[in-house]
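# A closer look at the structure
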Amino acid sequence: MRSPDLTTSLLDLAATHGLDLDPSTLTINEMGLDFRVALATTASSSATSPNDSAGERWVLRVPRRPDALKRAEVESRLLDLVGPQLSVAVPQWRVQATDLIAYPALPGEPGLTLDHDGAPLWHLDVTSERYARSLGAFLAELHAIDPADAAAAGVEVLPPDEVRTRWAQDMAQVAAEFQVSPALQDRWSAWLAEDSFWPAFSVVTHGEVYPAHTLVVDEEITAVLDWTTASVGDPARDFAIHHAVAPPEVFAATLEEYVRRGGRIWPRLGEHGAEIMAAGPVAYGLFALQSGVAEHRQAAQAQLNPETAAG
C-alpha cells in the first residue's frame, strides 16, 4: 500500500506545475533507480495552466537524487531527434524542472511493473513472436538514425574500440571498490579478450530496452519510455535483456525482423548479449558508488560476490 504522505507530496508537486490531478487515479511505479514514476488523470480543466486538461492521463517522473536530472537536457534533445524518425511514440515533455518531468501518457500499458511488495508483474507474454517482431522493427528504426545527429544533440558517442575500453575501465573501478568473485572476474576477462564477441560498428541505442520501458497494445510496442541511458555505442545493449528472457526461437524472430528492415548483426550478437547481462553488476556497482547509498552498495556487493555478501 502506498504512503498517504507520498501521494500528497506527488499531488502537491504536480499542482505547483499547473497539474490538477485526481488522487483516486494515482498509481506509482518504483522500478526505476533514478526516478520514481507516477501516473494520474487530471481532475478538472479549471486551472489556468495550459498543462491542465480534464481527463487527460499524465506521467510524472520525480528524481530520486539531484544528479538524476544531470542528463535531462540531453535526453530532451534526443527525444526531439528520435521522435519523428520512429513508428512508436516517445515522451513529449511538457514540464521540465529540477523537481519534476511530466508529459501526457502515451498509448499502451507497460509490459512489466512491480506490485506493492516489489514483485514483478508481467503484462505481456515474453514468448510472443508478435512482440518479438515489433521489437525488431523498433530497433531497426532506432539503429538507423544518424549517429552524427545524436552526437549533435549531446549524446555520448563511443566508437567500437572505446566501447570495450569503457567496459574494462568500469570493471577495474568496480573491482577496486568491491570484492568480485573470481569466477565473475574470469568471465569478464575472457569476454573482453575475445574479438569475435564485439561488433565493429556503433549505433544510436536506447540502452535499456526491456518490457518495463515498452508500452504495448495486443503485444505490439506502441511507445518506448525512459531514454536516460541512450548513447551511440554497442547495438547489443538493446538486445541483451530480450535475449535473456525470450526463448531462442523468439529471439531469432526479433533478429529476423531486424535484419529484414535493414539492421546489421554479427554471428555472436546473442552470446555477446549474454555477456552484457553477466556484466550487469558492474553498472549497478558504479551506480552504488555514485549514489553513496549504503543499501545500494550492499546490494551491489551481493551481485558481485554472493558468498562475500552472505558472510
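That block above? That's the structure.
Now for a description of the structure that goes with this document. None of these values were measured; they are calculated from a predicted model. (Residues numbered from 1 in each chain as written. Predicted model: local features only at pLDDT ≥ 70, side-chain atom pairs only at ≥ 80, totals over all residues. Heavy atoms only, no water.)

## Describing the sheet that holds strand E5 (residues 101–104)
Within a sheet, neighbouring strands are paired by backbone hydrogen bonds and run either parallel or antiparallel to one another. In space, the five strands of this open sheet follow the order E1-E2-E3-E5-E4, with antiparallel pairing throughout. Among the strands making up the open sheet, the edge pair consists of strand E1 (27–29) and strand E4 (95–96). Note: strand E3 (residues 57–63) against E5, four bridges, orientation antiparallel. From the neighbouring strand, Leu60 faces E5, where its bridge partner is Ala102. (Pairing = 2+ DSSP bridges. Helix = DSSP H or I, 4+ residues; strand = E, 2+ residues; numbered from the N terminus.)

## A closer look at the pairing of strand E10 (residues 214–217)
Within a regular strand, the side chains alternate between the two sheet faces. Bridge count between strand E6 (residues 109–110) and E10: two bridges; the pairing is antiparallel. Bridge assignment links Pro110 to a residue of E10, and that residue is Leu215. In terms of strand pairing, E10 meets strand E11 (residues 220–224) through four bridges, oriented antiparallel. Across the sheet, residue Val216 finds its bridge partner in E11, namely Ile221. The loop that links E10 with its antiparallel partner E11 comprises two residues; one of these, Asp218, has a positive phi angle of about 50°.

## Considerations on unusual backbone geometry
Even without being a glycine, Asp218 presents a positive backbone phi close to 50°. Counting through the fold element by element, Asp218 comes out in the loop between E10 and E11. Positive phi, normally seen in glycine, also occurs at Asp226, with a value near 55°. For Asp226, the position within the fold is in the loop between E11 and strand E12 (231–233).

## Some points on the packing of helix H3 (residues 129–143) against helix H8 (residues 248–260)
It is at 7 Å that the axes of H3 and H8 come closest, and there the two elements cross at 40°. Along this stretch, H3 crosses H8, giving a crossing that reads as right-handed. Taken together, the residues of H8 that come into contact with H3 (itself represented by Glu129, Ala132, Arg133, Leu135, Gly136, Ala137, Leu139, Ala140 and His143) are Val250, Ala253, Thr254, Glu256, Glu257 and Tyr258. Residue composition of the contact of H3 with H8, grouped by class: eight nonpolar, three polar and four charged. (Axes fitted to C-alpha atoms, helices over the stretch in contact; angles between N-to-C directions. Left-handed = near helix turned anticlockwise from the far one by under 90°. Contact = heavy atoms within 4.5 Å. Nonpolar A, V, L, I, M, F, W, Y, C, P; charged D, E, K, R; others polar.)

## Brief notes about the packing of aromatic side chains
In total, this model carries seven aromatic pairs according to the counting rule given. Between Trp167 and Trp191 the ring centres are 5.2 Å apart and the planes differ by 65°, which places this aromatic pair in the edge-to-face class. Of this pair, Trp167 sits in helix H5 (residues 160–177) while Trp191 is found in helix H6 (residues 182–193), placing the two residues 24 residues apart along the sequence. Each member of the pair, Trp167 as well as Trp191, is classed as buried. Seen from their ring centres, Phe239 and Phe251 are 6.3 Å apart, and the 85° between their planes marks the pair as edge-to-face. On the criterion of sequence distance, the pair formed by Phe239 in the loop between E12 and helix H7 (240–245) and Phe251 in helix H8 is long-range, its members being twelve residues apart. For Phe239, a relative accessible area of 1% translates into the label buried. (Phe/Tyr/Trp six-rings, centres within 6.5 Å; stacked < 30°, edge-to-face > 60°. Buried < 20%, exposed > 50% of the residue type's maximum accessible area, 1.4 Å probe, protein only.)

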